[in-house]
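For reference, the chains in residue letters:
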Amino acid sequence: QEKEASTFSPNISYGSKGFEFKSGNDLFSLQFQSRLQFRFATPRDQDPLSFDDFREVPQVVFKINRARLKVGGHAYKSWLKYYWEYELARGNLLDFRIMIEKWDFFRVKVGQWKTYYTRERVISSGKQQMVDRSIVNRPFTLDRQQGVEISGRVETIVDFSYYLSVLTGTGRAVLENDDRNLMYVGRLQWNIFGKEVDMSGSDIPVHESPAGIIALGAATNQSRYTRFSSAGGGQLEGFESGEAGQYKLKQYLVETAFKWKGFSWQHETHWKRIDDRLNGTVSDLEGSYFQAGYFFGNIWDWFPMPLELAGRFAYYRPIYLRGEDKQDEYGLAFNWFFVEHRNKLTAECSYFKISENEFDEVGGARFRVQWEISF
Amino acid sequence: QEKEASTFSPNISYGSKGFEFKSGNDLFSLQFQSRLQFRFATPRDQDPLSFDDFREVPQVVFKINRARLKVGGHAYKSWLKYYWEYELARGNLLDFRIMIEKWDFFRVKVGQWKTYYTRERVISSGKQQMVDRSIVNRPFTLDRQQGVEISGRVETIVDFSYYLSVLTGTGRAVLENDDRNLMYVGRLQWNIFGKEVDMSGSDIPVHESPAGIIALGAATNQSRYTRFSSAGGGQLEGFESGEAGQYKLKQYLVETAFKWKGFSWQHETHWKRIDDRLNGTVSDLEGSYFQAGYFFGNIWDWFPMPLELAGRFAYYRPIYLRGEDKQDEYGLAFNWFFVEHRNKLTAECSYFKISENEFDEVGGARFRVQWEISF
Amino acid sequence: QEKEASTFSPNISYGSKGFEFKSGNDLFSLQFQSRLQFRFATPRDQDPLSFDDFREVPQVVFKINRARLKVGGHAYKSWLKYYWEYELARGNLLDFRIMIEKWDFFRVKVGQWKTYYTRERVISSGKQQMVDRSIVNRPFTLDRQQGVEISGRVETIVDFSYYLSVLTGTGRAVLENDDRNLMYVGRLQWNIFGKEVDMSGSDIPVHESPAGIIALGAATNQSRYTRFSSAGGGQLEGFESGEAGQYKLKQYLVETAFKWKGFSWQHETHWKRIDDRLNGTVSDLEGSYFQAGYFFGNIWDWFPMPLELAGRFAYYRPIYLRGEDKQDEYGLAFNWFFVEHRNKLTAECSYFKISENEFDEVGGARFRVQWEISF
């Protein structure tokens, strides 16, 4: 009924966030973008988790792996931003957050989003360098949580960014906590060359001057879960469905990233302790990934400019009650960027190696092709 | 292929229903709005229903309580309106309705929506005065149903509004009825001061002249359910999952509402009889809520104008087979309206008291904070 | 951040695909349309499948049968098209596809959509001539699958269209195949009068010159399923939940369609063999439907122009292990087109007859009214 904002000279544009509608006074904006990730995989798409996974019937699959609707903008004030993202293929609300971004050194976020803890997880699945995340992501990510975050970038003698979050800590989409315990997450990042490295894989568009960061992170939580994913809270291999507050988690992270003249580097090393307060047992997990890519067209004339070559090595070393596992991942990817990350084709070969409790090793290869497109 | 409506001088605006796109000839319009309700609650969010609920582990929870996408407008004719609302966090289609609103005294609605029966339920969760509805809502609401409604406002010697609905009567989102019996709902409302009271809590924007209504409602239904909610049909405490047509419901309502100069009042009294036709038993439920609020800035200079103080008392007296319950709710809320109901912060304290079958009473408090924002 | 496409003179229009937003350079477009299908049915909505279905309690139901959000357009190039469709009432992603349509004789499609096999299934539920599809659709449709399709229209001495698809073959929304076997589908269509017959029921808008096609189709698949629907893979009556690769399907199709001066004709005849490789048994299914409609206003002055009369006969003859069934459907429909298929009212009477294994026949009637509206 009441319509305080009158008709304005329309302002429509198409940019990296899709179609954007803006009010003339710039107090309101709305962005609308869809995204499709279409994937071919064989002999299966999922990373192997155990010996058994190598013994399953091989598959050949074409599939819509991700289908997203993204809506964002600002309202009432240019610094009061909103964003939501819906996974259409599975019917999941992924992000829904409001951000107060009036000052660069002090920003507030409320809602649900990917906890600002690890670079690999925070990078959108549409802006990855390889077809998907490494084997390290599953055990260590905090994934999406609901709560409040303050963050900012401070440019003093050193240029650094900080992120502090207080979250319910029971994963995506929950309506209840299991107890009084919340999740606390902190991240401190040194912007070595006086600028942040944006959250995307590959050096595209190319950085003419170097950008690099070193970050430390820490998180603690107590809940019924030992891991988190887009599906919400869950359990790692060997952990049973937990009771309220059964598992106390503590985890740490060292992360580096660097981009310059077509070269990109990113790495994370994780430690995580799971304290089972019901059974009085403790498990320690450790893992790392190292990833680099380069547009060789920069040094070789015959090499096409839009083509990037990238490689990854990752290891995961969990020490559970039942013993010690060793998991390794080796990957090689070719990216052809039609329109940066918004329209790209990736072909990837991976090799996985698992050994459980000093048993003989098992290994296997995987081949995937992916078309990632936003519009 | 065929494109009868040609390009028109674009007409875009931002108003209380979000971004609006209109055709130059005004035959078509499209509104697009998102809404987030972010809530903190302790020791739990849900109203207690029984003794046991007071004994559970206390919680602390941050959560996205509601995340809505609202799309509406008109098509082909200015009086042929459409509206749909999707709950993104739970993946539920809430409303989807077409409205023929050519005449004010005779309107037709088809589809699914909140049955026009009680004021408290019809008021959007984004326009409430307290953080959420009273304890009376759960047992008495007809919630969303699918069917047909005719309604209108008649200005004769008395100014009144009527609503008559024929509905499938098995709740939201069903694709079948359980039997031949439909739900019938009627509501007659006297607009005392010659205007309707809009369906929202709090007197904002302020009414300079008084608006008030007295309404009577009645409903009857036969199905397998004893209550309805956003989740569809369900059962009240003590009722078992029913067979087709097992429960025959009859219910009545008296409702009042009034708004003037920053003061608002609303009240409902409900009676409901559940006739279990399989077991031959009858249960009688009764309940009321009384709610009032005021912007004290109108009389006290030192009191901030955007701040409203509101209070509620509600009681629920079910007489089941197993005996008689008594449930009471006392609530106090502070609302800070940044932009009317579209951007507001609410802090609320409640106290609940339950006594079952003359047992000793149990009571407990709850504290909630909520940020409600539409954009 | 990077925003390569600058603000452009806005171009907004409303057409048969809803509101459309276009960039000035025409490299990007976005269409946004909603659709509601509201249905009344008695004594039930679903087609009967067996004797038992005639014995169930009769129902009376009002319901939202389909509630769709459709988003499409093109991006980066005018020939790089996208389209997705979401079923709001059930929370299902139906279509999500990218189409390279640079050349008419060679088009590529990737994603998920209704496999281009049978006319009846490919015609949108919003553009049907009767209230819904015939009894032949359930056993023979390939429904939606994920994969890749090439197609095109070739205008040589004969004018023909071809469609070749390679699909995962385990239905809508799956993330895995059950084995290495893919689904292969081919369709060859002769465009008799030098133009295709568009995929919609009824001759509206009217064809001034005749359009007709004869098509042949074939498909093969091996999976755990014997049939497909919007819900994904499933089983026909008498088939148990299958193991990976248990059922090998081969099926064929002959199809005709014709439209001219208000008259429309469409027909399909299907054969399908189900080879149960685990139990070594074979089942053969056969079925056809024949459907015609006419706007009698073209020959009788007293007959309203927007009113179409349409009829259908369909039979289904499965030969399973357990014996032979006979199912027949007779239907008569009245369509009132307010705005072509985008706003129409349909009333339909049907009669169903089933005989199982030479038992006595059972029959029954059904009455449905449907309002179909897009906006």
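Quick look at the structure, then. (Residues numbered from 1 in each chain as written. Chains lettered and ligands numbered in written order. Predicted model: local features only at pLDDT ≥ 70, side-chain atom pairs only at ≥ 80, totals over all residues. Heavy atoms only, no water.)

## Some points on unusual backbone geometry
Residues and elements named next belong to chain C.
Part 1 of the reasoning: The step from Thr42 to Pro43 runs through a cis peptide bond, and the omega angle for that step is 5°.
Part 2 of the reasoning: As for its placement among the helices and strands, Pro43 is situated in the loop between β3 (29–42) and β4 (61–74).
Part 3 of the reasoning: Backbone geometry places Tyr76, a non-glycine residue, at a positive phi of 70°.
Part 4 of the reasoning: Counting through the fold element by element, Tyr76 comes out in the loop between β4 and β5 (80–87). (Helix = DSSP H or I, 4+ residues; strand = E, 2+ residues; numbered from the N terminus.)

## Observations regarding the relation of the copies chain C and chain B
Part 1 of the reasoning: The two copies are related by a screw operation: chain C maps onto chain B through 120° of rotation and 0.0 Å of translation along the axis, at an RMSD of 0.0 Å. Taken together, the turn and the small shift mark the pair as related by a three-fold rotation axis. Minimal C-alpha separation from the rotation axis in chain C is found for Gly91(C), amounting to 3.4 Å.
Part 2 of the reasoning: A distinct binding surface is used by each copy, with only 12% of the interface residues of chain C retained as interface residues in chain B. (Least-squares fit on C-alpha atoms with pLDDT ≥ 70 in both. Contact = heavy atoms within 4.5 Å.)

## Some thoughts on the relation of the copies chain B and chain A
Part 1 of the reasoning: Placing chain B over chain A gives an RMSD of 0.0 Å and needs a rotation angle of 120°, together with 0.0 Å of translation along the axis.
Part 2 of the reasoning: Little of the interface of chain B is mirrored in chain A, where only 10% of its interface residues again form contacts.

## Points about the pattern of salt bridges
Residue and element names in this part refer to chain A.
Part 1 of the reasoning: All chains considered together, the criterion is met by 84 salt bridges over all chains.
Part 2 of the reasoning: Linking Arg138 and Glu237 is a salt bridge whose minimum nitrogen-to-oxygen distance equals 2.9 Å. One end of the pair, Arg138, is in helix α3 (residues 137–140); the other, Glu237, is in the loop between β13 (232–234) and β14 (247–260), and 99 residues separate them in sequence.
Part 3 of the reasoning: The exposure class assigned to Glu237 is partly exposed, which follows from its relative accessible area of 23%. (Salt bridge = Lys/Arg side-chain N within 4 Å of Asp/Glu carboxyl O. Buried < 20%, exposed > 50% of the residue type's maximum accessible area, 1.4 Å probe, protein only.)

## A few points about the interface of chain C and chain B
Part 1 of the reasoning: On the side of chain B, 44 residues touch chain C, which itself brings 42 residues to the contact.
Part 2 of the reasoning: Between chain C and chain B, roughly 3,800 Å² of surface is buried when both sides are summed, and carbon and sulfur atoms account for 69% of that area.
Part 3 of the reasoning: Linking chain C to chain B there are zero salt bridges.
Part 4 of the reasoning: Along the contact surface separating chain C from chain B lie ten residue pairs in polar contact (both at pLDDT 80 or more).
Part 5 of the reasoning: Elements with a contribution of two residues or more to the side of chain C that touches chain B: β1 (11–15), β2 (18–22), β3, β4 and β20 (362–374) of chain C.
Part 6 of the reasoning: At eight residues, β4(C) tops the list of elements feeding residues into the side of chain C that touches chain B. (Buried area = accessible area lost by both parts, 1.4 Å probe. Polar contact = N/O pair within 3.5 Å; in protein donor to acceptor, adjacent residues only side chain to side chain.)

## Re the pairing of strand β7 (residues 106–114) of chain A
Residues and elements named next belong to chain A.
Part 1 of the reasoning: Counting buried residues along β7, eight of its nine residues qualify, which places the element largely inside the surrounding structure.
Part 2 of the reasoning: Sheet analysis places strand β6 (residues 92–103) next to β7, joined by six bridges and oriented antiparallel. The partner of Phe96 across the bridge, within β7, is Gln112.
Part 3 of the reasoning: Counting the residues in the hairpin turn of β6 and β7 gives two residues.
Part 4 of the reasoning: Alignment of β7 against strand β8 (residues 144–155), held across eight bridges, turns out to be antiparallel. Along β8, the bridge assignment pairs Gln112 with Gln146. (Pairing = 2+ DSSP bridges.)

## Details of the pairing of strand β15 (residues 263–276) of chain B
Residues and elements named next belong to chain B.
Part 1 of the reasoning: Bridge count between strand β14 (residues 247–260) and β15: 14 bridges; the pairing is antiparallel. Bridge pairing in β15 links Tyr247 to Asp276.
Part 2 of the reasoning: Between the end of β14 and the start of β15, which pair antiparallel, lie two residues, with Lys261 showing a positive phi angle near 45°.
Part 3 of the reasoning: When β15 meets strand β16 (residues 281–294), the two strands line up antiparallel, connected through 14 bridges. Counted as the bridge partner of His270 is Gly287 from β16.
Part 4 of the reasoning: The hairpin formed by β15 and β16 contains four residues between the paired strands, and Gly280 there has a positive phi angle of roughly 70°.

## A closer look at the side chain of Gln145(A)
Residue and element names in this part refer to chain A.
Part 1 of the reasoning: Note that Gln145 resides in strand β8.
Part 2 of the reasoning: Judged by its relative accessible area of 0%, Gln145 is buried.
Part 3 of the reasoning: For Gln145, the side chain forms a polar contact with the main-chain nitrogen of Thr170, separated by 3.4 Å.
Part 4 of the reasoning: If near-sequence neighbours (up to four positions away) are discounted, Gln145 is found in contact with Gly111, Gln112, Trp113, Thr115, Leu167, Gly169, Thr170, Gly171, Met183 and Phe228.

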